[in-house]
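# Structural characterization, general
So you can see what is in the structure, the chains are spelled out below.
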Amino acid sequence: NTKAQIPHAQCMRTVHEKILRTTPSLPIFLPLYSHESTRGNEMKLPHRRKLVSAFSFISTSSTSHSFRHHNFVHPIASPRRTSTTKNKTSILVKMSESNQNYNNNTNNGQETIEAQRAKGGFRYVEDVAPGLKLDMELKTIHHTSISDIQEVQVIDSYFGKTLVTDGKTQSAEHDEFVYHESLVHPALFWSALLSGTASSSPSSSPSSSLRHPPGTAPKSVFIGGGGELATAREVLRHSTISRLVMVDIDPQVIDVCKRFLPEWGGQAVLDHPKFQLVVGDAHKYLMETKETFDVIIMDISDPIEAGPGIALYTQEFYRRAKELLSKPNGVFVTQAGSADFVPHPHAFPEVGGENGDGDAGRETTCFAPIMNTLATVFDHAVPYSCPVASFGEDWGFVMAFDGGEGEARVLADLPHEVIDEMIEERIGMVPGVPQHRYRSMGVKRPLRGDEVGKEVLKHYDGVSHRRLFALSKPLREAMKTDTRVMTVANPVFMY
C-alpha cells in the first residue's frame, strides 16, 4: 500500500503472513520493486538504487518462520560494492520451494509439519556479475535497518558474520582480513621505504637503496570511507602512525559495525588516541582541508551509476589527492573493484557480447579505467589483486605515487625479507580488538592480544606481497584493451 505510507518492512511482513495462512503448501513468490520505477502498483523502497539482491527463503508451514527481527526477509544492499541501475530489474524473493502435500488434520499432522520445516532453510542470494550469483545458507540476521544513505544488514552465512549494504557484501568474517591487509600494508610499507631512501640520500631510490632502513614515515594517514573500522584497525597496527583521520558519510554503518562486528575494530579503534573520526563527505573534506598526509587510502563505494562514490574515482579528484600527499614519500591507494584471474568477456566493452550474450558495451568492471586515470596524474599507477571468496571473485586495488623510472617494478618485486623485517619491526596488535573465530585456524594456542610482528597479520607477508602484484596473463592482456579514463564529464560505471 504505497499511498498509505505503510513502512516497507511492515507491509512485506503482512503480505507474507496472509499468504502463508491461506496457501500453506504452495510455492510462493513475492516480487520486490525498485525505488526508481513508478509504473503500476510497484512498491517504493526508501533508497535511491535498484535492488539486485535478496534474502530468499523456504517456508513450508502455515506459520511463518521467526528470525531474530523478522518473520520475512526482504532485499538488502553497499558502500564499497554496489549495484548499477543499468539493465537490471528487481528479483523475486522465493518463499517456498517445497510443495509436498501434507494434511494438518491427520493425527500425525504436527509431526509432518515439523519434518517439513526441518527440510526448509533460509538462503542469501547476491548478484556478482551478469548471469552469476552467490547462493548460500543464511543462518542468522543479526541486524537490519535503513539509514539515510543505504540499507544495512549484519547476517551470519557460509562466510560467518557478514556486513551487507544495499544488497552487496562489504566484508565477511571468513576473509575480511585478506581485503583489509591487502589494501593497507603494501601502501604504508612502500611509503616507509620511500622515506628511508630519501633520508639516506636525495638521489637515492628504492631500486638502488633497499639496503637503507625504512624511514620514520608514514606518520599521518587519511581514510576515505572505511565505516567497518577494519581499515583503520590495520593502519593503527603500524608503530610509526601518529595521526589517522577517517571520513565516512554514514554514521549508522559505523554504529552497527561497532555493535555487531567488534572484531573489525569496533570501540577499540574509535577510542584509540591516534584516531579521529569525521562523519561527512570524504570528497568535500579533501577538497577543503589544508592538511597533508603520507598515505591516502580510499575504501569507498564502487563507481556505480547514480551512486555516491563516483566523484572519488575521477581524474579531477586524483589531482587534488596528489596535492595533499607528503613529498617524496606520499602514496595513494584505492580499492578498484572486480579483478578476476581470468576475466569474463562481459568485463571489457571491447570484447563483451562476442558469444551473443547481449553484454557488448556494458561497463561491468573499472579496474583498468581506475589504473589508467591514476596514471594520468601520478608517475606510477600499480595494479594488484587478491582473491576474496566472500565477494565471489578476485578484488583489485591500485597504488599510485611519484618517483623515478623503474620504481613500480621495484615495488612489485620487493624481496620477501624486506617486507618480513618491516612487519617484525613495525606491526603490533591494536589493544582491545577481539579476535575473529577464523583467526584461530591453525593456531595451537590462544592469542594473547599483545602479539607483534608476523603473529598479528593473518594474510600479508613477504611472500603474499609478491603474489598480490603478480597479475595473471589473461587479466593483464584484457586490461591492455581498455584505455578509458574517468573524468567528471565522462564517468565509467561498474556492475
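Structure: above.
Here we summarise the structure given alongside this text. Remember, it's a predicted structure, so these values are computed and weren't measured experimentally.

Within the protein chain, the regular secondary structure consists of 14 helices and 15 strands. Burial status across the protein chain gives 57% buried among its 495 residues. Only carbon and sulfur atoms are counted for the fraction: they give 51% of the accessible area of the protein chain, which is about 20,400 Å².

A few words now on the sheet that holds strand β14 (residues 380–388). Read from one edge of the open sheet, seven strands run β11-β10-β9-β12-β13-β15-β14, paired in mixed fashion. Each end of this open sheet is capped by a strand with a single partner; those strands are β11 (275–279) and β14. Taking the axes of each pair of neighbouring strands and ignoring which way they run, one obtains an average angle of 20° across the sheet. Pairing of β14 with strand β15 (residues 393–401), which is carried by nine bridges, proceeds in the antiparallel orientation.

The next point concerns the environment of E424. Within the secondary structure layout, E424 lies in helix α12 (residues 416–426). Of the residues examined, E424 reaches a relative accessible area of 42% and is grouped as partly exposed. Considering only alpha carbons, one finds E424 and V456, 32 residues apart in sequence, at a separation of 9.5 Å. With near-sequence residues (within four places) excluded, E424 lies in contact with G453 and K454. Within the structure, E424 has its side chain in polar contact with the backbone nitrogen of K454 (distance 2.9 Å).

Residues of helix α9 (residues 315–323) that are buried: Q315, F317, Y318, R320 and A321. Taken together, the buried residues of α9 touch α8 (282–288), β12 (295–299), β13 (331–338) and α10 (367–375).

Cis peptide bonds are those with omega within 30 degrees of zero, and the linkage from A217 to P218 qualifies with 0°. Position of P218 among the secondary structure elements: in the loop between α4 (206–209) and β9 (220–225). Of the consecutive residues K327 and P328, the connecting peptide bond is found in the cis state with omega at 5°. Mapped onto the elements of the fold, P328 is located in the loop between α9 and β13. Non-glycine residue D166 carries a positive phi angle of around 45°. Inspection of the secondary structure assignment puts D166 in the loop between β7 (160–165) and β8 (168–172). Residue classification places D166 among the buried residues on the basis of a relative accessible area of 3%.

On to the pattern of salt bridges, then. One pass over the full model with this rule turns up 15 salt bridges. D413 is paired through a salt bridge with R409; the nearest N and O atoms lie 3.2 Å apart. On the accessibility criterion, D413 (33% relative accessible area) is partly exposed.

Turning our eyes to something else, we now look at the nonpolar core. Core analysis: the largest hydrophobic core is formed by 55 residues, its most contacted members being W190, V235, I297 and M399. When residues of this core are assigned to their parent elements, the largest contribution, twelve residues, is made by helix α3 (residues 176–200).

Here T314 shows up in the loop between β12 and α9. Since its relative accessible area comes to 4%, T314 is described here as buried. T314 has contacts with T373, M486, T487 and V488, leaving out every residue within four places of it along the chain.

With that out of the way, let us pick up the packing of aromatic side chains. As enumerated under the stated definition, the model contains 13 aromatic pairs in all. When the ring of Y179 is compared with that of F397, the centres are 5.4 Å apart and the planes differ by 50°; the resulting orientation is tilted. Taken as a pair, Y179 in helix α3 and F397 in strand β15 lie far apart in primary sequence, 218 residues in all. Judged by its relative accessible area of 1%, Y179 falls in the buried class.

What follows concerns helix α14 (residues 473–480). The set of residues buried in α14 consists of L475, A478 and M479. For α14, the angular spread of the buried residues around the axis is 100°, confining them to a single face. Within α14, the exposed residues directed more than 90 degrees away from the buried face are K473 and K480. Each element contacted by the buried residues of α14 is listed here: α10 and β14.

What follows deals with the pairing of β12. Counting buried positions along β12 yields five of five residues, so the element is predominantly enclosed. By the alternation rule, side chains of β12 split into V295, I297 and D299 and I296 and M298, which are all buried. In this structure, β9 lies alongside β12, joined through five bridges in parallel fashion. In the strand pairing of β12, G225 is matched with D299. Where β12 lies against β13, four bridges are found, and the strand directions are parallel. From the neighbouring strand, I296 faces β13, where its bridge partner is F332.

Turning next to the environment of P434. Along the chain, the position of P434 falls in the loop between α12 and α13 (462–468). Note on P434: relative accessible area 36%, which makes it partly exposed. The sequence separation of P434 and P262 amounts to 172 residues, and the corresponding C-alpha distance is 6.7 Å. Once you skip the residues sitting within four places of it in the chain, P434 turns out to touch P262 and E263.

About the cut-offs
Residues numbered from 1 in each chain as written. Predicted model: local features only at pLDDT ≥ 70, side-chain atom pairs only at ≥ 80, totals over all residues. Heavy atoms only, no water. Helix = DSSP H or I, 4+ residues; strand = E, 2+ residues; numbered from the N terminus. Buried < 20%, exposed > 50% of the residue type's maximum accessible area, 1.4 Å probe, protein only. Areas by Shrake-Rupley, 256 points an atom, 1.4 Å probe, with all protein chains shown as cover. Pairing = 2+ DSSP bridges. Axes fitted to C-alpha atoms, helices over the stretch in contact; angles between N-to-C directions. Contact = heavy atoms within 4.5 Å. Polar contact = N/O pair within 3.5 Å; in protein donor to acceptor, adjacent residues only side chain to side chain. Salt bridge = Lys/Arg side-chain N within 4 Å of Asp/Glu carboxyl O. Core = buried A, V, L, I, M, F, W, Y, C linked by side-chain atoms within 4.5 Å. Phe/Tyr/Trp six-rings, centres within 6.5 Å; stacked < 30°, edge-to-face > 60°. Arc of directions from axis to C-beta.

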